[in-house]
Amino acid sequence: MSERETWATRPGFVLAAIGSAVGLGNLWQFPFKTATNGGAAFVAFYLVAVVLVGFPAMLGEFVIGRRTNVNAVDAFARLASGRWRVAGGLAVFTGFWILSYYTVVGGWVLRYILGSVRGAYFADPGGYFRAISAGPEAVVAQGVFLAIVVTIVAFGIEDGIEKATKLMVPSIVVLMVGLAVWVTTLPGAAAGYDFFLSPDLGVMRANAGSIIPFAVGQAFFTLSLGMAIMITYSSYVGGEDNLVVDGGTIVVTNTLVGVLAGLVVFPILQTIGAEITTETGGAGALFVATAAGFGSVPVGRLFGVVFFGVVLIAALSSAISLLEVTVAYANDNYDIPRSVLAPAIGAALFLLGLPSALDTVWLTWFDRFAYQIFLPLSVLVTAVFVGWVVGSDAVAELRDGAGGLGGVGGAWLWTVRIVVVAAVLLTLGLGINEMFLVEEADFFGPLVVLPDVSVAVP
């Protein structure tokens, strides 16, 4: 078996982890979940969840990965006993499940880049989405997106993932800042900012039970928790790295990009006169409304290409990390080169994603299971493992390389033991209630209601 790879540089690890976190969870799911769960009320709950639950849980995954230097499944077994391999297996399965439909949405993004260049969606944004979101064309786009991801992962940690993310992550941040500056010139900017940034305390009190599971689930999704990504990435890290600083950098950058996404999307929706509602709606409506916005503003084709180009870069960086989780497990346990493993696993993902590519109802079903069952369950098991099984050894690992920040170890451990476990239990319970007792929402709306006007094709 070949020698296990490591990151060439510490910034390489941080940028790769940021690239994993800054994906469709920020640029697709975050605006969508915000719009369908109370606007700024959701943002407030989300920010609290990131600080109190997401960041401590991320450090827990870092500790597992760096202390063992193996894949997620074997890492749990090394720190405790063989039966804990199930916990690692659950995390790997969750990532595999999510990537199967994630690649379908990645295919949509590819089609929207082409649509922006040709102005294909400007005349009928809703019709364009329905035409490309499901069916044979969606299957082809899914395959193209997945092939790009497989190629990058096949080149390995240093030559593939690290080099790609060093280019991708700065590009995402720079382009999003540019788009956020541009939307300040749009007539609907002020109203969009108000919806996104001004919490309604009445909405927060009245809808906390339905908002909290999505807010905490969003924190897990955007920080790449519960999917074995951070365990896998940190398993390639040396003992001298400061995990607290690295984790803080990842959390802050990830949150910044999510906020930037909202600062871009909601002014666009208000500019075209879209009625943003807080009722449950479908993820497809965000593509429809954003596309309608680019069709209604000056130089819409250019800004459409830039926006969906950013979304594509973000989607690829996250998909790379999700695929690496399964590849790392197979690479650690079987003497098979990456050049064979990555395409083989990619083929399995393609097959699992076919239902989502053929019918958006399946994609919605996959996404709800991921958000409300698999992610919180995986994070819960990991938190219990770190807090109550590994315990003091976890604190020692966190303090290694932490310098003056090593003193936070004890407080961090009790935060994982009590706050994270309690929050995830609550989220899991509320999520199960929402999933099985609340009527299923239509995929397409009403996230936004588009104005009944024709849009001229530039």
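In this text the structure is predicted, and so the values were computed from the model without any measurement. (Residues numbered from 1 in each chain as written. Predicted model: local features only at pLDDT ≥ 70, side-chain atom pairs only at ≥ 80, totals over all residues. Heavy atoms only, no water.)

**Student:** When you look at the overall build of the chain in this model, what are you seeing that I'm missing?
**Tutor:** A tally of helices and strands in the chain yields 18 helices and 2 strands. A buried classification covers 62% of the 458 residues belonging to the chain. Relative to all contacts within the chain whose residues are 6 or more apart in sequence, the contacts with residues 24 or more apart total 87%. On the chain, roughly 15900 Å² of surface is accessible, and the fraction owed to carbon and sulfur atoms is 67%. (Helix = DSSP H or I, 4+ residues; strand = E, 2+ residues; numbered from the N terminus. Buried < 20%, exposed > 50% of the residue type's maximum accessible area, 1.4 Å probe, protein only. Contact = heavy atoms within 4.5 Å. Areas by Shrake-Rupley, 256 points an atom, 1.4 Å probe, with all protein chains shown as cover.)

**Student:** Can you help me understand the pattern of salt bridges in this one?
**Tutor:** If charged atoms from side chains of opposite charge come close, those side chains can pair. Applying the stated criterion to the full structure yields 5 salt bridges. Several salt bridges share partner residues, and in doing so they unite Arg66, Arg67 and Glu397 into one network. (Salt bridge = Lys/Arg side-chain N within 4 Å of Asp/Glu carboxyl O.)

**Student:** Teacher, can you tell me more about the packing of aromatic side chains here?
**Tutor:** Aromatic ring pairs are reported here in terms of the distance separating the ring centres and the angle at which the planes meet. This structure, assessed with the given rule, holds 24 aromatic pairs. Pairing Tyr112 with Tyr128 gives two aromatic rings, centres 5.2 Å apart and planes at 85°, and the pair type is edge-to-face. Here Tyr112 is found in helix H5 (residues 85–118), whereas its partner Tyr128 is found in helix H6 (residues 125–132), with 16 residues between them in sequence. Taken individually, Tyr112 and Tyr128 each receive the classification buried, so the pair is uniform in this respect. Here a set of aromatic residues connected by ring pairs shows up, and it is made of Phe93, Trp97, Tyr101, Trp362, Trp365, Phe366, Phe369 and Phe374. Here Arg417 stacks its cationic end above the ring of Trp414, 4.6 Å away from the centre of that ring. (Phe/Tyr/Trp six-rings, centres within 6.5 Å; stacked < 30°, edge-to-face > 60°. Lys NZ or Arg CZ within 6 Å of the ring centre and 35° of its normal.)

**Student:** Where do I start with the nonpolar core in this structure?
**Tutor:** Across soluble globular proteins, nonpolar side chains have a tendency to be buried as a group. Formed by 158 residues in total, the largest nonpolar core has its most connected members in Ile98 and Trp412. Leave out the neighbours within four places in its chain, and Trp412 touches Pro56, Leu59, Gly60, Val63, Val386, Ala394, Val395 and Leu398. (Core = buried A, V, L, I, M, F, W, Y, C linked by side-chain atoms within 4.5 Å.)

**Student:** Would you explain unusual backbone geometry in this entry?
**Tutor:** Trans is the common state for peptide bonds, and a negative phi is the common state for residues other than glycine. Even without being glycine, Asn69 reaches a positive phi, approximately 55°. Tracing the backbone shows Asn69 in the loop between helix H3 (40–68) and helix H4 (72–79). The exposure class assigned to Asn69 is partly exposed, which follows from its relative accessible area of 34%.

**Student:** For this particular structure, what's the right way to read the side chain of Glu61?
**Tutor:** Considering the arrangement of structural elements, one finds Glu61 in helix H3. With near-sequence residues (within four places) excluded, Glu61 lies in contact with Ser224, Leu225, Gly226, Met230, Ile231, Ser234 and Thr382.

**Student:** Looking at this structure, I do not really get empty space enclosed by the protein. What am I missing?
**Tutor:** Left-over empty space is what a probe sized like a water molecule reveals as it rolls over the atoms. This model, assessed by the stated rule, comprises 3 cavities of 30 Å³ or more. Around the second largest cavity sit 14 residues that line it, and Ser20, Tyr102, Phe221, Ser224 and Ser318 are the ones nearest its centre. Those elements that place two or more of their residues in the lining of the second largest cavity are helix H1 (10–21), helix H2 (24–36), H5, helix H10 (201–222) and helix H14 (300–333). Grouping the amino acids of the lining of the second largest cavity by side-chain chemistry returns 8 nonpolar, 6 polar and no charged. (1 Å grid on protein atoms, 1.4 Å probe; cavity = no way out; pocket = protein on both sides within 12 Å on 5 of 7 lines; lining within 4 Å. Points joined across faces, edges and corners; volume = space filled by probe spheres on them. Nonpolar A, V, L, I, M, F, W, Y, C, P; charged D, E, K, R; others polar.)

**Student:** How should I be thinking about a nonpolar patch on the surface in this particular structure?
**Tutor:** On the surface, Val48, Val51, Leu52, Trp388, Val389, Trp414, Ile418 and Val419 cluster together to form a nonpolar patch covering roughly 740 Å² of accessible area. Going through the elements one at a time, H3, helix H16 (360–390) and helix H18 (409–437) are the ones with two or more residues in the nonpolar patch. As for its placement among the helices and strands, Val48 is situated in helix H3. (Patch = residues over 30% accessible without salt bridge, like charges linked within 9 Å, V, L, I, M, F, W, Y side chains within 5 Å.)

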